[in-house]
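These are the residues of each chain, in order.
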Amino acid sequence: MFFFALAGMAWSLCTFATDDRLMLYIISFTIIAFCAFIFVLVSMILCFACSKTFMFEESSVKGKLYYILAEVRKVMESRRKWIAVFAFLFLLWVSLCILAGTHGLCVPNEPVSDVSSTITRIITRKLGMDPYCSDTGVCYVYLLVPNDLSTQMHVVFHSTEEPRISAVRYGKSPDKLDTQIVGRYDKLNNYELDRYISSVVLNDLEPGSTYYFQALIYPDTNGYTSSDVGKFRTAPVIDSNGSSMENLNYVVASDIGKTDAATAIAQAIAKEEPLFLAIGGDLAYENGYQACYCRYDWLLNEFQNTLVTPKGYTIPILASIGNHEAGGTYVHPSKIPFFLDYFPYADSSTNTDDYLTAHSSARKYGSLYHSHTFGDKLLQFIVLDSGHSVEKGGAQRDWLEATLKNSQHFQYRVALYHVPLYPARRSPDNIHSVDSRDQWLDLFDKYHLTVAFENHDHVYKRTHVLKNNEISATGTVYMGDGAWGVIPHNPSSEDRWYLAQTHGNTNYYIDRKSTRLNSSHAVHLV
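Here the structure is a predicted model, which is why all the values come from computation and not from measurement.

Within the protein, the secondary structure is distributed over 12 helices and 23 strands. By the burial criterion, 52% of the 526 residues in the protein qualify as buried. Element-wise, carbon and sulfur atoms account for 57% of the exposed surface of the protein, whose accessible area totals about 23,300 Å².

Written out as structure tokens, the structure is:
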């Protein structure tokens with residue numbers, strides 16, 4: 001039995017060499033094997049005990065029990081070889097069932113019950129119970145917010161077959177997609193999944209315009225396969241000193257999960273006709289497991305089908321990394337199985353095609369923290385990594401200071417990250433929040449950050465205007481704390497000086513509108 005336990009551990013270690021968090025699987029299998037061994041050992045002891053002489057009357061319960069066990073022992077001794085063969089085959093069968101049933105284990109959150117293995121995923125795909133990228137053609141087409149949404153658009157799409165060439169056709173009429181741009185593609189590093197992610201950045205677009213687009217792959221020389229035609233719009237140029245009074249509206253939400261609430265809120269978000277959607281981490285709750293690709297297949301399918309406005313516009317996504325993307329703290333980018341491949345924001349960091357030749361590791365690092373502009377001198381949106389893959393200090397802090405310093409001509413400066421500086425549920429003295437305040441708070445104050453969107457605590461909160469870690473007439477408002485589709489919590493019962501408003505036990509999203517005169521928000525509780 002110990003041989004099977006050791007074999008199971010060795011196999012799992014080899015299979016999941018890229019994911020050390022699957023020690024849970026190894027430990028579980030070892031416990032099962034050990035319990036089986038104990039059961040066999042106890043049975044042998046009882047049989048041995050039956051060979052001894054006990055002074056019990058046969059009419060007593062104990063006496064009858066020992067009599068039965070003694071008879072069983074006699075049969076076992078007379079059929080010893082066959083029983084040994086049967087026991088070996090039985091234990092082999094149990095071990096193989098355990099290995100097969102737990103191979104490729106995915107242990108996500110939100111909900112925790114959505115555990116799957118390689119076998120269960122094969123079954124659900126065959127039965128059509130889960131979305132899955134087909135063997136041919138394009139799947140999961142979605143938009144990312146580029147560096148400058150007024151003149152760029154970033155199209156990402158997936159395929160099971162190698163594209164050879166990935167491209168996007170676009171134009172101002174669905175019947176005249178007369179411009180084609182070739183992008184890049186990468187193969188996802190996954191032991192179970194054949195998946196290619198294509199990234200195409202469209203440059204030199206006209207501000208405030210509607211475009212139609214179609215994703216294409218050329219898997220061979222015989223032609224191409226394409227997606228359905230979609231529609232997007234670029235951001236208008238809203239000069240903070242000019243005459244345009246048009247709203248620049250966007251939605252902020254976070255901590256999604258795979259729930260009915262997540263779908264309901266996605267539908268509500270689309271009805272707001274936002275220019276873009278900002279998500280502050282914890283999208284699929286895959287916990288860093290390679291095997292949890294099924295969670296992202298579900299999420300991207302939801303995005304593709306639900307994040308389309310009533311006017312037919314696909315909503316671009318601006319996302320930061322959270323702890324459930326990385327599966328921990330300070331996880332090396334190469335160990336993050338999906339987020340940096342599926343959300344390659346660094347590709348659009350310039351108005352050039354440099355991303356086509358950039359090294360993949362450089363692109364991944366560049367997608368952990370990045371900035372985006374909207375309108376002419378109106379809004380600067382800064383996305384940060386709150387310690388999930390890179391340190392909050394060091395290079396990220398230097399970049400943050402340089403970005404804030406160079407954005408003083410923008411009327412509004414907004415930050416998006418996962419772990420809150422001023423949490424509504426967890427203690428403000430927790431090590432992660434303290435570290436964030438130590439590394440970022442002085443920069444937020446010095447360079448006049450307007451709003452910080454925080455997440456992670458699964459409640460709604462809005463702080464007073466804060467500066468120098470106290471309530472002030474001018475400074476930064478901190479809003480959060482992420483409850484798109486997850487099970488919501490209640491805020492702490494403690495009186496916290498920095499909180500102006502809280503709301504618990506409900507899911508929500510924030511709809512925010514900015515003009516050259518003012519900025520406002522509405523909180524929608526669902």
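With that settled, the discussion passes to the nonpolar core. It is characteristic of soluble globular proteins that their nonpolar side chains tend to be buried jointly. In this structure, Phe 276, Phe 381, Phe 444 and Trp 484 are the most contacted members of the largest nonpolar core, which totals 113 residues. For this core, the leading source of residues is strand E1 (residues 138-144), giving 7 residues. One finds Val 107, Tyr 289, Cys 292 and Cys 294 within the second-largest nonpolar core, a separate group that totals 7 residues.

With that settled, consider the packing of helix H6 (residues 260-271) against helix H7 (residues 293-306). Where H6 meets H7, the closest approach of the two axes is 10 Å, and the angle between their N-to-C directions is 30°. Considering the angle they form, H6 stands roughly parallel to H7. With respect to the hand of their crossing, H6 and H7 are arranged in right-handed fashion. Across the interface between the two elements, Ala 262, Thr 263, Ala 266, Gln 267 and Ala 270 of H6 pack against Trp 298, Glu 302 and Thr 306 of H7. Looking at the contact of H6 with H7 residue by residue, the classes come out as 4 nonpolar, 3 polar and 1 charged.

Within this model, the second largest pocket holds a volume of roughly 310 Å³. In this structure, the second largest pocket is lined by 19 residues; those nearest its centre are Asn 147, Ser 349, His 370, Ser 371 and Trp 399. Here the element with the most residues in the lining of the second largest pocket is strand E13 (residues 370-374); it accounts for 4 residues. Its residues placed into classes, the lining of the second largest pocket shows 6 nonpolar, 12 polar and 1 charged.

Under the criterion given, the structure shown has 17 salt bridges. For Asp 194, the salt bridge goes to Lys 187, with nearest N and O atoms at 3.6 Å. Owing to a relative accessible area of 46%, Asp 194 belongs among the partly exposed residues under this scheme. Of the residues examined, Lys 187 reaches a relative accessible area of 43% and is grouped as partly exposed. Here Asp 442 makes a salt bridge to Arg 397, at a shortest N to O gap of 2.9 Å. Here Arg 397 lies in helix H11 (residues 394-405) and Asp 442 lies in helix H12 (residues 431-446), a separation of 45 residues in the sequence.

All right, on to the packing of aromatic side chains then. Evaluated as defined, the whole model comprises 28 aromatic pairs. Here Tyr 296 and Phe 343 contribute two aromatic rings whose centre-to-centre distance is 6.4 Å and whose plane-to-plane angle is 55°, an arrangement assigned as tilted. Taken as a pair, Tyr 296 in helix H7 and Phe 343 in the loop between helix H9 (339-342) and helix H10 (360-366) lie far apart in primary sequence, 47 residues in all. We classify Tyr 296 as buried; its relative accessible area is 0%.

Thresholds applied
- Residues numbered from 1 in each chain as written.
- Predicted model: local features only at pLDDT ≥ 70, side-chain atom pairs only at ≥ 80, totals over all residues.
- Heavy atoms only, no water.
- Helix = DSSP H or I, 4+ residues; strand = E, 2+ residues; numbered from the N terminus.
- Buried < 20%, exposed > 50% of the residue type's maximum accessible area, 1.4 Å probe, protein only.
- Areas by Shrake-Rupley, 256 points an atom, 1.4 Å probe, with all protein chains shown as cover.
- Core = buried A, V, L, I, M, F, W, Y, C linked by side-chain atoms within 4.5 Å.
- Axes fitted to C-alpha atoms, helices over the stretch in contact; angles between N-to-C directions.
- Parallel < 35°, antiparallel > 145°, perpendicular 65-115°, else oblique.
- Left-handed = near helix turned anticlockwise from the far one by under 90°.
- Contact = heavy atoms within 4.5 Å.
- Nonpolar A, V, L, I, M, F, W, Y, C, P; charged D, E, K, R; others polar.
- 1 Å grid on protein atoms, 1.4 Å probe; cavity = no way out; pocket = protein on both sides within 12 Å on 5 of 7 lines; lining within 4 Å.
- Points joined across faces, edges and corners; volume = space filled by probe spheres on them.
- Salt bridge = Lys/Arg side-chain N within 4 Å of Asp/Glu carboxyl O.
- Phe/Tyr/Trp six-rings, centres within 6.5 Å; stacked < 30°, edge-to-face > 60°.

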